[in-house]
Amino acid sequence: MSRRPLSEEPTLAEFQAFIAALVEEKGWTKDPNEIFVLLTEEVGEVAKEVRHSWKRGADEVRPAVAAELADVFMYLADLANAYGVDLEKAVREKVAFNDTRKVFGH
């Protein structure tokens, strides 16, 4: 089964489905624990590039930061898929919940 190409402006649900198909096609791990560790490693790579920006400047590291953030986003979608989480629904519910909370210090 070949995966469909990702549309130019995918919805979050379409992106999650694309990642599920990609993981299936490539035979990558579906173990949530391993996916979480890989996600954490990629967040560390973002941190490394941000740290480099302090000396080299944001413009110089932007391409590397973009690539690492893409990895984080893909692993996040993969982890959500592993747990059967609809990310769009989860984000909407969290925003609605946060709208009911008082914000201190802002």
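Below: a short report on this structure. Numbers given for residues are sequential positions, taken from 1 along each chain in its written order. Local features in this predicted model are restricted to residues of pLDDT 70 or higher, and side-chain atom pairs are both shown and tallied only at a pLDDT of 80 or more, whereas totals for entire chains, interfaces and linings draw on every residue. To obtain the side-chain values, all non-hydrogen atoms of the structure were included, while hydrogens and water were left out.

**Some details on the pattern of salt bridges**
We apply this condition: For this analysis, a salt bridge means a side-chain nitrogen from Lys or Arg found within 4 Å of a carboxyl oxygen belonging to Asp or Glu. Any residue under 20% of the maximum accessible area for its type is buried, any over 50% is exposed, and the rest in between are partly exposed; the area is computed with a 1.4 Å probe on protein chains only. Helix numbering and strand numbering both begin at the N terminus, where a helix is a DSSP run of H or I of at least 4 residues and a strand a DSSP run of E of at least 2.
Under the defined criterion, the tally for this structure stands at six salt bridges. The partner of E60 in a salt bridge is R56, with the nearest N and O atoms 3.9 Å apart. On the basis of relative accessibility, which here comes to 42%, the residue R56 falls in the partly exposed class. Between E88 and R92 there is a salt bridge; the shortest N-O distance is 2.9 Å. With E88 and R92 both in helix α4 (residues 87-99), this residue pair falls four residues apart, about one helical turn. Under the relative-accessibility criterion, E88 is labelled partly exposed at 28%. Each member of the salt-bridge network shares a partner with another, and the members are E49, R56 and E60.

**Observations concerning the side chain of E68**
Put simply, the test is: Residues counted as positive are Lys and Arg, residues counted as negative are Asp and Glu, and His and the chain ends are not counted. Whether two residues touch is decided by their heavy atoms; if any such pair falls within 4.5 Å, the residues are in contact.
Within the secondary structure, E68 is located in helix α3 (residues 58-82). Among buried charged residues, E68 stands out as having no salt bridge; its nearest opposite-charge side chain is K48, 7.5 Å away. Leave out the neighbours within four places in its chain, and E68 touches E42, E45, V46 and E49.

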